[in-house]
Amino acid sequence: MAMLRSLLVAGALTLLIPNPNAAAAEEIPIGEYASLTGGSASFGQSSHKGTELAVEEINAAGGVLGKKLKLITEDDQSQAGQPATIVRKLISQDKVVAVLGEVASSKSLEAAPICQQNKIPMITPASTNPKVTEVGDYIFRICFIDPFQGTVMAKFARSKGWKKIAVLTDVKQDYSVGLAEFFVKDFTANGGEIVRDQKYSTGDKDFKPQLTSIKAARPDAIFIPGYYAEVALIAKQARLLGLKVPLLGGDGWVGDSLLKVAGHSLDGSFFSCHFSADEQSPDTRNFVAKFKAKHGEIPDDMAALGYDSAMILADAIRRAGTTDSAKLRDAIAATTHHDGITGNITLDSARNASKPAVILTVGNGGFQFVETVAP
Ligand code: PHE
């Protein structure tokens, strides 16, 4: 009896003690993991700026389900091993209802199984390797995938009359390995020839051996499905070795230091990506103006994709009417015709988006729009 009384007293006491989580419950915690520092810092900084802008706009308009979104961002330092640790912390400690990230496919592939096991929806804004969403039904992306991107560039190379291509792949990145594979598949299936297949690793600084071998094969162009930091050095060293042919690449070329490091070495080269800030649609102009006002710079692909990913998540929470993970998952999966900055986004049954790619060329110290390629 005495024990029952003390239990009752303890119960009454807990009722009187203010719940320290009460204030937090007024907000909806959203996790974000991004490479804010390190070798691919441009990816994380840009995507974060876009995500942040979207969250600010959502909150300024009253939030979602009567609550403000609370964006909790963690830096994975562009390092393998970090995404898993960080996402575990976001889920177990911060109790996020969903996770946004990463840009680089290998990083997304590391965190996705953790989100899947915990049934916390993850939306990658920019990872294009097919394997990412294959991890499970809680993993989504709002961008196109590399079988499409590879085909776009292979077709483009053929349209230029190029028949012999050399390929230079970053073996440390699932993105690079996959994109090379899909490009080669389409290019060779349609009569093209791969005259050299060379490799490098993220962080390498000297590409002269590979480029010397490529030069000897006399290609019409070189396909380099890598990230901006290495691509800039490769371009410079290729020109120093007298390799004058156009270089071709994918979305991984996008990064603020690409042209700073490459100078004019990439002039006349081409790459595919998700977004062109020069596009004249009212939505793009409006987004570019808002982004410039907040961050003092022109948004790139990752910024636009980061913005779209946060908007899609907020919309799904609104439609779900709850942050319950299974219902939120279903609402994200049901995303159709979301009018995004990077295009009209409908998620298919494999949780991918089918969207046009943009081909840009390098010249006059910047990027110029070439064409949009529909899926
Ligand atoms: N698609 C790249 C990947 O999967 C990442 C990326 C997206 C890089 C957009 C730049 C711009 O790794």
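A quick note: this is a predicted structure, and the numbers were derived from the prediction, not measured.

Reading guide: rules and limits
Residues numbered from 1 in each chain as written. Predicted model: local features only at pLDDT ≥ 70, side-chain atom pairs only at ≥ 80, totals over all residues. Heavy atoms only, no water. Axes fitted to C-alpha atoms, helices over the stretch in contact; angles between N-to-C directions. Helix = DSSP H or I, 4+ residues; strand = E, 2+ residues; numbered from the N terminus. Parallel < 35°, antiparallel > 145°, perpendicular 65-115°, else oblique. Contact = heavy atoms within 4.5 Å. Nonpolar A, V, L, I, M, F, W, Y, C, P; charged D, E, K, R; others polar. Near = heavy atom within 4 Å. Polar contact = N/O pair within 3.5 Å; in protein donor to acceptor, adjacent residues only side chain to side chain. Areas by Shrake-Rupley, 256 points an atom, 1.4 Å probe, with all protein chains shown as cover. 1 Å grid on protein atoms, 1.4 Å probe; cavity = no way out; pocket = protein on both sides within 12 Å on 5 of 7 lines; lining within 4 Å. Sits in = over half its atoms within 2 Å of the grid points. Points joined across faces, edges and corners; volume = space filled by probe spheres on them. Domains from an automatic or database assignment. Pairing = 2+ DSSP bridges. Expected span 1.5 Å × (residues − 1). Buried < 20%, exposed > 50% of the residue type's maximum accessible area, 1.4 Å probe, protein only. Salt bridge = Lys/Arg side-chain N within 4 Å of Asp/Glu carboxyl O.

1. Remarks on the packing of helix 12 (residues 282-295) against helix 13 (residues 301-320)
Viewed as axis vectors pointing N to C, helix 12 and helix 13 meet at an angle of 100 degrees, and their least axial separation amounts to 12 Å. Taken together, the axes of helix 12 and helix 13 are roughly perpendicular relative to one another. Each of F287, K290 and F291 in helix 12 lies in contact with helix 13, whose residues at this interface are A303, A304 and Y307. By residue class, the composition of the contact of helix 12 with helix 13 is 5 nonpolar, no polar and 1 charged.

2. Some details on the site of the ligand
As a matter of local geometry, the ligand sits amid 13 residues, with S105, A126, T128, Y227 and D251 nearest to it. S105 is positioned such that a nitrogen or oxygen atom in its side chain is 2.4 Å from an oxygen atom of the ligand. Contact distances for the ligand include 2.8 Å between a nitrogen atom and a side-chain N or O atom of T128. Here the ligand, which alone exposes 320 Å², has 100% of that area covered by the protein. In this structure, the ligand is accommodated by the largest cavity. Partitioning the shell around the ligand into residue classes produces 7 nonpolar, 5 polar and 1 charged.

3. Regarding empty space enclosed by the protein
Taken as a whole and assessed by the stated rule, the structure comprises 2 cavities of 30 Å³ or more. Size it by volume and the largest cavity reaches roughly 100 Å³. Together, 14 residues line the largest cavity, and F43, V103, A126, D251 and G252 are the ones closest to its centre. Here the element with the most residues in the lining of the largest cavity is helix 13; it accounts for 3 residues. Tallied by class, the residues present in the lining of the largest cavity amount to 8 nonpolar, 4 polar and 2 charged. A domain split of the lining of the largest cavity shows at least three residues from each of domain 1 (26-144 + 280-354) and domain 2 (147-273). Considering the residues around the second largest cavity, the lining is formed by E32, Y33, A34, S47, T51, L100, G101, E102, V103, P125, G306 and S309. Elements that contribute at least two residues to the lining of the second largest cavity include exactly strand 1 (27-34), helix 3 (41-60) and helix 13. At 3 residues, the largest contribution of residues to the lining of the second largest cavity is made by strand 1.

4. Thoughts on the sheet that holds strand 9 (residues 247-249)
Pairing is mixed across the open sheet formed by 7 strands, whose spatial order is 7-6-8-9-10-13-14. Strands with a single pairing partner mark the edges of an open sheet, and in this sheet they are strand 7 (193-200) and strand 14 (366-373). Ignoring strand direction, the axes of neighbouring strands in this sheet form an average angle of 25 degrees. Here strand 6 (residues 164-170) pairs with strand 7 via 7 bridges, running parallel. By the bridge assignment, V167 is partnered in strand 7 with D197.

5. Describing helix 3
Each α-helix turn comprises 3.6 residues. Residues three or four places apart therefore point the same way. If you check helix 3, its first and last C-alpha atoms are 28 Å apart, about what 20 residues at 1.5 Å a residue would give, namely 28 Å. Of all the 20 residues making up helix 3, 15 are buried; the element is thus mostly covered by neighbouring parts of the structure. Note on helix 3: the residue one or two positions beyond its end, G62, has a positive phi of about 105 degrees.

6. A few points about the sheet that holds strand 3 (residues 98-100)
Pairing is parallel across the open sheet formed by 5 strands, whose spatial order is 2-1-3-4-5. Edge strands, defined here as strands with exactly one partner in the open sheet, are strand 2 (68-75) and strand 5 (139-141). Across the sheet, the mean angle from the axis of one strand to that of its neighbour is 25 degrees, orientation sign disregarded. Two strands pair when backbone bridges link them, and strand 4 (residues 122-124) and strand 5 are joined in this way by 3 bridges, in the parallel orientation. The partner of T124 across the bridge, within strand 5, is R141. Strands in contact with helix 5 (residues 105-118) are strand 1, strand 3, strand 4 and strand 5; relative to strand 4, the strand with the most contacts, it is inclined by about 165 degrees.

7. Quick look at the side chain of T335
Locating T335 in the fold gives a position in the loop between helix 14 (325-333) and strand 11 (338-340). Judged by its relative accessible area of 2%, T335 is buried. When residues no more than four places from it in sequence are discounted, the contact partners of T335 are I312, R319, I345, T346 and L347.

8. Notes on the domain arrangement of the protein
Under the domain assignment, the protein is made up of domain 1 (26-144 + 280-354) and domain 2 (147-273). The gap between the C-alpha centroids of domain 1 and domain 2 is 29 Å. Contact with domain 1, which involves 18 residues of that partner, is made by 18 residues of domain 2. Across the contact surface, domain 1 and domain 2 share 1 salt bridge. Between D174 and K131 there is a salt bridge whose closest N-O contact spans 2.8 Å.

9. Quick word on the layout of surface pockets
For the largest pocket, the calculated volume is near 610 Å³. Secondary structure elements with two or more residues in the lining of the largest pocket: helix 3, helix 11 (258-262), strand 10 (270-273), helix 13 and strand 14. Counting residues per element, the lining of the largest pocket draws most heavily on helix 3, which supplies 4 residues. Residue composition of the lining of the largest pocket, grouped by class: 13 nonpolar, 7 polar and 7 charged. Residue assignment places the lining of the largest pocket across two domains, with domain 1 (26-144 + 280-354) and domain 2 (147-273) each supplying three or more.

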